[in-house]
Amino acid sequence: FVFKKAKQVVEKRTVEDTAAEVARYMAAKEKAGEQLKLLKEKTMRDVGEAEAEIFEAHQMLLEDLDFVEGITGMIEQDKVNAEYAVFVTGEQCAAIFMSMDDDYMRGRAADINDISSRLIAILSGTQVSAEAMPEPVIILAEDLAPSETVQFEKDKILAIVTQKGSANSHTAILARMMNIPCIVTADIDLDPSLTGKEGIVDGFTGKIYIEPDEVTTAVMQEKKKREEERKLLLQSLKGLPTVTKSGKVIHLYANIGSEEDVDSVLENDSEGIGLFRSEFLYLGRDDYPTEDEQFQVYKNVISKMNGKKVIIRTLDIGADKQADYFNIPHEENPAMGYRAIRICLDRVDMFKTQLRAIYRASAYGTASIMFPMIISVAEVKRIKEIVEEVKEELRQADIPFGDVELGIMVETPAAVMIADPHHEAVLRMIQRTIECAHDHGAWCGICGELGADMELTRRFIQMGIDELSVSPVFTLELRKKIREAE
């Protein structure tokens, strides 16, 4: 299926009432924000909470001061129409990203283009949407924006092949999470007559065959059969210990972002939940969740895990995760500023509400708590004081709770967060963290998606890592890799 977007023709017009034009742009920006919120909710349902954060990042870019002021400044100073100002500013911002050395940052150019196209479509009244497909197909396109990818019916996409894009683009990331083969920067023709023709995509080699001959078809079918047999073999790893050939045990847990993800955790035989992102309880609503609302969710997850460990990360709001009712003041660099634990320690009543809910739920299984964005020992000491207050309140009310293990997220500065994760400096930081934890009798694990990077599995084992927590779909593949390692 050859997918071609309608070309956006942006005309430059002179406007006299610049205030009205700025207001028109601001209204379009607000509508775009609402659309991105709906896309995020759809992605959470269809793919997962972590992948839905792509659209939170888009919302951040939409509200970025440089982007917004670039557009409004152009309207006011050059007296041009909003569509043209969005187009020019978007092109300039995308060009800046494309000029960067880092592959990940270059991938953000596509996000800027996606946002610009959305704004222009709203302003011009030509909303872009993915076309409906009658049957499962291989999609051929010049490029796909994340918003277009998630609008296709998931069960209708056999593979995605694009002329542009990168392996680090959000579209490629979405495809991986949806387990859809995806080839980018492919040398393909986008002739509409290809729609309906037979095709084969080999995601291992990055090749696409249009109307393949019998020999090619037979070879590819045999390759597909071997891959299906390999996946079937992975199922035989269920119930087996995650241990290297030399006897090193690695605890293999799963990351989740909602109550619904637990089924996938159990289906893929994870030993427990290494990262339960609690933000979903606070986002997409008009007020704080109550203690009972939170308790029910934590209780359901902990009970369902039937004694297996569930590590709940306390609220990590701020930066790309915003809720209006928090009234968080704007910051130039919120990623390392007023967010997560600093908000919780500032709003102790809210923090205690979440802690009480977790401690109450801990009576129904094995719960641990992990505190995010810690920057000092003083914060840990204050957290422990608040935890003791919560436990005493529950004792006074004769409410049972379990023995809850406490831990922290060891997170790195913004510069490291965007670095190549294979960089020796980053790996040595992880190594140092593991050694310090072991020196003080604490266990240490990795709960970011880096833990599922099979190229680093042996290195992590050599570092002495105790636990890896990954998306449930990677559990059995990672168990196989660990069991094959020395």
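Each value, and the rule that gives it
- Residues numbered from 1 in each chain as written.
- Predicted model: local features only at pLDDT ≥ 70, side-chain atom pairs only at ≥ 80, totals over all residues.
- Heavy atoms only, no water.
- 1 Å grid on protein atoms, 1.4 Å probe; cavity = no way out; pocket = protein on both sides within 12 Å on 5 of 7 lines; lining within 4 Å.
- Points joined across faces, edges and corners; volume = space filled by probe spheres on them.
- Helix = DSSP H or I, 4+ residues; strand = E, 2+ residues; numbered from the N terminus.
- Nonpolar A, V, L, I, M, F, W, Y, C, P; charged D, E, K, R; others polar.
- pLDDT = per-residue confidence, 0-100.
- Contact = heavy atoms within 4.5 Å.
- Disulfide = S-S within 2.5 Å.
- Buried < 20%, exposed > 50% of the residue type's maximum accessible area, 1.4 Å probe, protein only.
- Polar contact = N/O pair within 3.5 Å; in protein donor to acceptor, adjacent residues only side chain to side chain.

Draft legend 1. Highlighting the layout of surface pockets. A volume near 1,200 Å³ is recorded for the second largest pocket. Considering the residues around the second largest pocket, the lining is formed by 44 residues, among which Lys5, Asn113, Asp114, Ser117 and Asp143 are closest to the centre. Within the residue set of the lining of the second largest pocket, elements represented by two or more residues are helix 1 (18–46), helix 4 (82–98), helix 5 (103–124) and helix 6 (146–151). It is helix 5 that provides the largest number of residues to the lining of the second largest pocket, a total of 12 residues. Residues belonging to the lining of the second largest pocket are distributed by class as follows: 18 nonpolar, 14 polar and 12 charged.

Draft legend 2. Layout of the confidence of the model for the chain. When the pLDDT values of the chain are averaged, the result is 87; 92% of them are 70 or greater. Overall, residues 414–419 carries pLDDT values under 50, and its contacts beyond four positions in sequence, including any with other chains, amount to 7 contacts.

Draft legend 3. Main features of the state of the cysteines. Under the counting rule described, the total for this entry stands at 0 disulfides. Cys344 forms no disulfide, and the closest cysteine sulfur to it belongs to Cys447, at a distance of 16 Å. Here Cys344 falls in the buried class, since its relative accessible area comes to 0%. Between Cys447, a cysteine without a disulfide, and Cys444, which holds the nearest cysteine sulfur, the sulfur-to-sulfur distance is 9.9 Å.

Draft legend 4. Just the side chain of Gln294, in detail. Mapped onto the fold, Gln294 is located in helix 10 (residues 291–304). Exposure remark for Gln294: the relative accessible area of 1% places this residue in the buried category. When neighbours within four sequence positions are excluded, Gln294 is seen to be in contact with Leu281, Tyr282, Pro289, Thr353, Gln354 and Ala357.

Draft legend 5. Structural view of empty space enclosed by the protein. The tally for this structure, following the rule as stated, stands at 3 cavities of 30 Å³ or more. Per-element tally for the lining of the largest cavity: the top contributor is helix 1, with 3 residues. Partitioned by chemical class, the residues of the lining of the largest cavity number 4 nonpolar, 2 polar and 3 charged. Taken as a whole, the second largest cavity encloses approximately 40 Å³ of empty space. Lining the second largest cavity are Asp143, Leu144, Thr162, Gly165, Ser166, Ser169, Thr171, Ala172, Cys182 and Val184. Looking at the lining of the second largest cavity residue by residue, the class counts come to 4 nonpolar, 5 polar and 1 charged.

Draft legend 6. Representation of the side chain of Lys352 within the structure. Structurally, Lys352 is set in helix 12 (residues 348–361). Side-chain polar atoms of Lys352 contact the side chain of Glu389, separated by 3.2 Å. Residue contacts for Lys352: discarding those within four places in its chain leaves Ile386, Glu389, Val390 and Glu393.

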